[in-house]
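Each chain is listed here by its residues.
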Amino acid sequence: SFSNNYIDFDSLEVKLANGETLHLTKTESLLLKLLIENKNSVVSREKILQTVWGYQVYPNTRTIDNFIANFRKHFERDSKNPVHFISIRGVGYKFKE
């Protein structure tokens, strides 16, 4: 849990701070879990693509960015000024509690 958001990785459900319930896809769950397990550490785009999507060759893709944008939309108070899902330009992403 963080900022009154509660994630149940077993049921793939999220209870948002506003009381809304979301159902995660398997991919969303894997990405969210990877970032949370590595909180306060930068997770490279390559590690994300390999761990979540199983890529051995890393295409130039905006897929990760789209997932992060959705996380920000749901979990951040102000998606344009995120405090939990931080972009590290040219490297990857970091989750901060």
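Residues numbered from 1 in each chain as written. Predicted model: local features only at pLDDT ≥ 70, side-chain atom pairs only at ≥ 80, totals over all residues. Heavy atoms only, no water.

*Asks:* Could you clarify how one ought to interpret the environment of R45 in this entry?
*Replies:* With respect to the helices and strands, the residue R45 is situated in helix 2 (residues 45–53). For the pair R45 and I64, spaced 19 residues apart in sequence, the C-alpha separation works out to 7.8 Å. R45 has contacts with T61, I64, D65, V91, G92 and Y93, leaving out every residue within four places of it along the chain. Here the side chain of R45 touches D65 through a polar contact of 2.9 Å, side chain to side chain. (Helix = DSSP H or I, 4+ residues; strand = E, 2+ residues; numbered from the N terminus. Contact = heavy atoms within 4.5 Å. Polar contact = N/O pair within 3.5 Å; in protein donor to acceptor, adjacent residues only side chain to side chain.)

*Asks:* Just to check I follow, could you spell out unusual backbone geometry for this structure?
*Replies:* Peptide bonds are, in most cases, trans, and in most cases residues other than glycine have a negative phi. The residue S3 is not glycine, and still its phi comes out positive at about 45 degrees. With respect to the secondary-structure elements, S3 resides in the segment before strand 1 (6–8). At N40, a position not held by glycine, the phi torsion is positive, near 70 degrees. With respect to the secondary-structure elements, N40 resides in the loop between helix 1 (26–37) and strand 4 (42–44). You can call N40 partly exposed: its relative accessible area is 49%. (Buried < 20%, exposed > 50% of the residue type's maximum accessible area, 1.4 Å probe, protein only.)

*Asks:* Would you mind showing me how to read the pattern of salt bridges here?
*Replies:* Note that side chains of opposite charge can pair when their charged atoms are close. The full count for this structure, using the stated rule, is three salt bridges. K39 is the partner of E97 in a salt bridge, and the nearest nitrogen-oxygen pair spans 2.6 Å. Residue E97 is found in the segment after strand 6 (92–95), and its partner K39 is found in the loop between helix 1 and strand 4; the two are separated by 58 residues along the sequence. Through salt bridges with shared partners, a single network forms among R45, R62 and D65. (Salt bridge = Lys/Arg side-chain N within 4 Å of Asp/Glu carboxyl O.)

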